[in-house]
Amino acid sequence: PGAVAMAKIGAGEIIFSALAPGTRLVPHCASSNTRLTCHLGLSCPSGPRLRVGPEWGAWEEGKCLFFDDSFEHEVEHPGTAPRVVLLIRFWHP
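What counts and what doesn't
Residues numbered from 1 in each chain as written. Predicted model: local features only at pLDDT ≥ 70, side-chain atom pairs only at ≥ 80, totals over all residues. Heavy atoms only, no water. Phe/Tyr/Trp six-rings, centres within 6.5 Å; stacked < 30°, edge-to-face > 60°. Helix = DSSP H or I, 4+ residues; strand = E, 2+ residues; numbered from the N terminus. Buried < 20%, exposed > 50% of the residue type's maximum accessible area, 1.4 Å probe, protein only. Lys NZ or Arg CZ within 6 Å of the ring centre and 35° of its normal. Polar contact = N/O pair within 3.5 Å; in protein donor to acceptor, adjacent residues only side chain to side chain. Pairing = 2+ DSSP bridges. Salt bridge = Lys/Arg side-chain N within 4 Å of Asp/Glu carboxyl O.

A. Main features of the packing of aromatic side chains. As enumerated under the stated definition, the model contains 1 aromatic pair in all. With a centroid separation of 6.4 Å and an interplanar angle of 80°, the aromatic rings of Phe66 and Phe90 are classed as edge-to-face. Residue Phe66 is located in strand S6 (residues 64–67), and its partner Phe90 is located in strand S8 (residues 83–91); the two are separated by 24 residues in the primary sequence. For Phe90, a relative accessible area of 28% puts it in the partly exposed group. Over the ring of Trp56 we find Arg49; its NZ or CZ atom is 3.6 Å from the centre of that ring. When the ring centre of Trp59 is taken as origin, the NZ or CZ atom of Arg83, which lies over that ring, is 4.6 Å away.

B. Quick look at the side chain of Asp69. With respect to the helices, strands and loops of the structure, Asp69 is situated in the loop between S6 and strand S7 (73–76). Asp69 sits in the buried class, given a relative accessible area of 3%. A polar side-chain atom of Asp69 sits 2.9 Å from a polar atom in the side chain of Arg35.

C. Region of the structure containing the pairing of strand S3 (residues 35–43). Note that S3 and S8 share 8 bridges and pair antiparallel. In the sheet register, Leu40 faces S8, and the bridge partner there is Leu86.

D. Representation of the pattern of salt bridges in the model. Throughout the structure, instances matching the rule amount to 8 salt bridges. The shortest N-O distance in the salt bridge between Glu74 and Arg51 comes to 2.6 Å. Within this pair, whereas Glu74 is found in strand S7, its partner Arg51 is found in strand S4 (residues 49–52), the two being separated by 23 residues in sequence. Classification of Glu74 by relative accessible area gives buried; the value is 7%. Of the charged contacts in the structure, one is a salt bridge between Arg89 and Asp69, with a shortest N-O distance of 3.8 Å. Residue Arg89 is located in strand S8, and its partner Asp69 is located in the loop between S6 and S7; the two are separated by 20 residues in the primary sequence. What makes Arg89 partly exposed here is its relative accessible area of 21%. One salt-bridge network, held together by shared partners, links Glu13, Arg35, Asp69 and Arg89.

Bear in mind that shape data such as this cannot, by itself, settle questions of function.
What follows is the structure in structure tokens.
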């Protein structure tokens, strides 16, 4: 099947994700833990941060953040430049 069809059924996806300054993604979570998420930092200015459960983290260029998106998570970007990551979702082993 095509990549879009596979993403729609939860088989995984790979996309570029750009987050503009001033953006806030409210707390949310996936309905199950059948997949994991990886963010590979491509352009990571200071300011943007991600909370998964009780812990806050930040992206770093060339490094991956892995998390289970069935845990509540949110993003805020008080910085001044876009944050860009390669977002990869894959089956939870």
